[in-house]
Structures are given as C-alpha cells and as structure tokens.
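# Overview (structure and organization)
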Amino acid sequence: MRVRRIAVVAGVLGLLCVPAHAGARDISRDPLPANDGWAAEGAGTTGGAAADAGHVFVVTDRAELVAALDGGSATPKIIKIAGTIDANTDDDGDHLDCDDYATDGYDLHQYLAAYDPRTWGSAKPSGPQEEARQASAARQAERITLNVGSNTTIVGLKGAVLKGAGLQVKNAANVIIRNLDLRDAYDCFPVWQPNTGGLGDWKTAYDNIWLTGSHHVWVDHVTLSDKGHRDEQEPTWFGRNYLRHDGLLDITNGSDLVTVSWSRFEGHDKAMLIGNSDSATGDRGKLRVTLHHNQFESIVQRAPRVRYGQVHVYNNRYVVPTDDYRYSLGVSTESGIHAQNNAFTTLGRIEVADLVKSWNGTALHDEGTLFNGFPVDLLPIYNAYNSGSERDLTADVGWTPTLHTKIDSAGTADREVARGAGAGRIP
C-alpha cells in the first residue's frame, strides 16, 4: 500500500520540511503542555505521540491522506501534510468541480424554480430536484469529509494547505491538529430552508473542522478561512445570501475538554459554534473549551457563540470587519463565558455594546477588555445599551477557570497574537 511507502520516508521528509521557525524540532510528537486549557484536564492530550514508526506518514495528496487516516481508526498515528492537498479530487488526483458531483438531473436553476417561496410556499423542499440535490450532496460529502479518529496528530509541514475538506473529529478522543492552513470547505449543494429565521435561509453542510461528540482535542496554530471562494461573491437567491460555507471550527454534540490556541480565523460569517442546540440538555456539564491567543479577523459573528459550555476566552485579538458585523461573543442558553483580557479593534461606527449578543443567556464574566486601545467595562455597557430589548446579563457564570497558561494584559496579547498566531508561526 502506498501509505506504507510514505511512512518509510517520513523521517527524511520531516527533517526537510519542518514548520517555519521550528528549526529541526519535530513538533509532531509534542503533547499539549500541562495546564494549557480544558484539554489538559486529567491525562491531558497527546494525540498520536505513541505512534510507532509504521504509523508516521507524510502525505502529499488526498488519496495518501485518506489512507493514513485509516477510516478514523483509533490506532496511534502521526500524519504530516506536505504541500497543498485538494480534497475535491478523484482517485487519480484529478480535480472535481460541482458539475462532477451533480447527479440525477440536479440543476440549480430548476431547483430555484421549483422551490421559489412565491409559488412553493413555506413547506420543506421535496420532490425530484430536492432528491437530486441530496444525491449530489452525498457524492461530494463522500469525497471531502475526512474522518479523524482517536489518538491522532495531524501537523502541517512548512507551507502546508488542506483545501476543500471538512475534517470531522467524531466520537473521538485525544486528537491534535497543528500548523495547518485549512481553507474553503465549499458546499456545492446548499439546501433552501423556508422557515429558518422567519424569512428562510440557505443551509450549508461543511465546517473546516467539526468536533462532534469528541473530547481532549487540541487545535493549535492553524489558519481557517474561505480563501478561494468568498460568500460575499455569491449571488442572492430568494432574497438571502447563497452561502457556501458553514463554520470554520464548530464544537458540538457533547464535545468536551478542548483547547484552541494561537490560531487565525479569517474572512468568514459564522466562525465558531460551541453547542448546537438550545434543547440539547445532554450538553450540560460538557462543552468545556478554552480559546486563547487566537486572532478573529473580519469575522461577522460567532467568535464564539456558546450554549451550555464553560468557555474560557482569554488573550484573543479581534479585528472587527467593516461590513455586516453582528457580534463577537454570543451568549446563549445556560452558557458560561469567562472572558479575560481580550483586545478589540473596530471602526468608529461599531459600539462597545455591539461586541455581545444574547439569546436566552443569563451571564457573562468579562474583565480586562481593550476597545480600540482603551480599557472598557463590557458587561455594564452592554446591559445599559440593551436595556428593555434584551435581558440584562449578570457577571456570575458559576465557575472560575483554573486550567490556563499565563494570562497577559490585553495590550500585550494584542501584539503577540498579531505576530504569532496562525499556521507557520510555531516558535
């Protein structure tokens, strides 16, 4: 099998293609440092550090990556990505576009004609074109959804890019993803949902990284974006933006004990959802996540939006977009966001109170916030601004973080994150 041949040369290529600024150090066996956020709880997170020589791979295309992932097995493994891998490729490595996935007579214009709300109404789409869309979507999903199993480390070598893929960490434990540029998880076949938000909306299928039902996961020094296709360049259908991307990194379905550090989230609408449903009561006691030293740049909303979880958000840098901005910190059902020493840079038309949005939330702990270089008390400003329109939030989120590294001032973090966050910047 080709992946075995890859394993043999892994040591040689690992020396030649190390991450920027990492010298000859092999980061692929690095565990999460002690106390570094929720993923350090208990035995911590080591990923594939226990992998034997036969399960260390350097991969350069989709076929090699799929073989190395081994169907999402729990066998300890280290996967080093070299160069650019395009998930939208066939078994011979040839690029696939949306027309290649379309089947059973699917046609966007016929789909739009069939489900135009003026004639179709508010019922869920059904019939030949919706069935064809589902079949077409299944063909794309089979190609681009890549399952990551337990005891796995995925690292990018210098300049590594994974594009068009949805990395799915499902019902897994002890996973590390580092030093990788993940971009453009592009959905060829969005579905029209007439009843969403009162006006209907388009729903897309893929996140760049999706953690679902998983625990002890460390995501570090990754860059996540839509680079290649931007949703604002897409047309508007039925009066709603024809979105092609879902989240950049979503943490849902009872996932737990996650640390996201020194990463860049760029140019996207809904960046990060923690907890997928207000009614998912099984999420109580889970969804414990630490976000530190990340940069959220030109993110419209969900940076993050939280349901249920105890989420420590500290030393992050926010560069608020100029257009269509909605909020950064989303406070939803039974959430407990503990925000410390974060820095926000905005244009003059964005107010301090705009940084927060609440849906059935009750509390937000905030301290040490910088807004355009000036210290602000975010919570009382939010409550005063939204008096009468949204429930006031209290400062008591019911917990105090203990698992964390040194917490810098917001000003220091702002400078350090600008220099050090993202793929290729591991010191």
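Whatever comes next refers back to the structure up there.
It should be emphasised that the depicted structure is a prediction, and the values quoted were computed from it without experimental measurement.

To continue, consider the overall build of the protein chain. Within the protein chain, the secondary structure is distributed over eight helices and 32 strands. A compact globule built from 427 residues should have a C-alpha radius of gyration of about 22 Å, and the protein chain, at 22 Å, falls within 12% of that. Here the C-alpha coordinates of the protein chain stretch approximately 65 × 60 × 40 Å along the principal axes. For the protein chain, restricting intrachain contacts to residue pairs at least 6 apart in sequence, the fraction spanning at least 24 positions comes to 75%. As displayed, the protein chain offers around 17,300 Å² of accessible surface, 49% of which is attributable to carbon and sulfur atoms. Side chains of the protein chain carry 40 positive and 54 negative charges; the gap between the two charge centres is 3 Å.

What follows concerns helix H2 (residues 62-69). Taken together, the buried positions of H2 are Arg62, Glu64, Leu65, Ala68 and Leu69. Looking down the long axis of H2, one finds its buried residues gathered within 165° of arc, a one-sided arrangement. The opening residue of H2 is Asp61, an N-cap whose side-chain oxygen sits 3.3 Å from the backbone nitrogen of Ala63. After H2 finishes, the residue Asp70 shows a positive phi value of roughly 55°.

The subject of this paragraph is the pattern of salt bridges. Using the criterion set out here, one finds 17 salt bridges in the structure. A salt bridge links Lys203 to Asp246, with the nearest nitrogen and oxygen atoms 3.7 Å apart. Residue Lys203 is located in strand S11 (residues 201-203), and its partner Asp246 is located in the loop between strand S16 (240-241) and strand S17 (249-252); the two are separated by 43 residues in the primary sequence. On the basis of relative accessible area, Lys203 is assigned to the partly exposed category, the value being 38%. For Arg264, the salt bridge identified is with Glu266, shortest N-O distance 3.1 Å. Taking the relative accessible area as the measure of exposure, Arg264 reaches 11% and is therefore buried.

Along the chain, the position of Val222 falls in the loop between strand S13 (215-220) and strand S14 (223-225). Using a relative accessible area of 0% as the deciding quantity, one classes Val222 as buried. With 39 residues separating them along the chain, Val222 and Ser261 place their C-alpha atoms 8.5 Å apart.

Okay, the state of the cysteines next. A complete count under the given rule lists one disulfide for this structure. Disulfide pairing is shown between Cys98 and Cys188; the S-S distance is 2.1 Å. Because the sign of the S-S torsion sets the handedness, a value of about -80° for the bond joining Cys98 and Cys188 places this disulfide among the left-handed ones. Note that Cys98 is positioned in helix H3 (residues 98-101) and Cys188 in the loop between strand S9 (181-183) and strand S10 (191-193), a separation of 90 residues in sequence.

Right, let's talk about the pairing of strand S27 (residues 336-340) for a bit. Among the five residues that make up S27, five are buried, leaving the element largely enclosed by the rest of the structure. Neither face of S27 is open: one carries Gly336, His338 and Gln340, the other Ile337 and Ala339, and all of them are buried. Sheet topology places strand S24 (residues 310-314) next to S27; five bridges connect them, and they run parallel. Along S27, the bridge assignment pairs Tyr314 with Gln340. Bridge analysis of S27 against strand S30 (residues 365-367) gives three bridges, and the strand direction is parallel. Bridge pairing in S30 places Gln340 opposite Glu367.

If you walk through the whole model with that rule in mind, you get 14 aromatic pairs. Ring centres 6.0 Å apart and planes at 55° place the aromatic pair Tyr106 and Tyr111 in the tilted group. Across the pair, Tyr111 and Tyr106 agree in class, each one buried. Where Trp192 meets Trp202, the ring centres are 5.2 Å apart and the plane angle is 55°; that geometry is what we call tilted. With a gap of ten residues between them, Trp192 in strand S10 and Trp202 in strand S11 connect regions that are remote in the sequence. One exposure class covers both Trp192 and Trp202, and it is buried. The structure contains a cluster of three or more aromatic residues connected by ring pairs, namely Tyr106, Tyr111, Tyr115, Trp120, Phe189, Trp192, Trp202, Phe238 and Tyr242. Its guanidinium or amino end placed over the ring of Trp38, Arg288 lies 5.2 Å from that ring's centre, counting from NZ or CZ. The positively charged end of Lys357 is found above the aromatic ring belonging to Trp359, 5.8 Å away from the centroid.

Before going further, it helps to examine the pairing of strand S5 (residues 152-156). Of all five residues in S5, five are buried, a share of seventy percent or more. Where strand S2 (residues 77-81) and S5 come together, five bridges link them in parallel fashion. Note that in S5 the partner of Ile78 across the bridge is Thr153.

Calculation notes
- Residues numbered from 1 in each chain as written.
- Predicted model: local features only at pLDDT ≥ 70, side-chain atom pairs only at ≥ 80, totals over all residues.
- Heavy atoms only, no water.
- Helix = DSSP H or I, 4+ residues; strand = E, 2+ residues; numbered from the N terminus.
- Rg over C-alpha atoms; globule rule 2.2 N^0.38 Å.
- Contact = heavy atoms within 4.5 Å.
- Areas by Shrake-Rupley, 256 points an atom, 1.4 Å probe, with all protein chains shown as cover.
- Lys, Arg positive; Asp, Glu negative; His and termini not counted.
- Charge placed at Lys NZ, Arg CZ, Asp CG, Glu CD.
- Buried < 20%, exposed > 50% of the residue type's maximum accessible area, 1.4 Å probe, protein only.
- Arc of directions from axis to C-beta.
- Polar contact = N/O pair within 3.5 Å; in protein donor to acceptor, adjacent residues only side chain to side chain.
- Salt bridge = Lys/Arg side-chain N within 4 Å of Asp/Glu carboxyl O.
- Disulfide = S-S within 2.5 Å.
- Pairing = 2+ DSSP bridges.
- Phe/Tyr/Trp six-rings, centres within 6.5 Å; stacked < 30°, edge-to-face > 60°.
- Lys NZ or Arg CZ within 6 Å of the ring centre and 35° of its normal.

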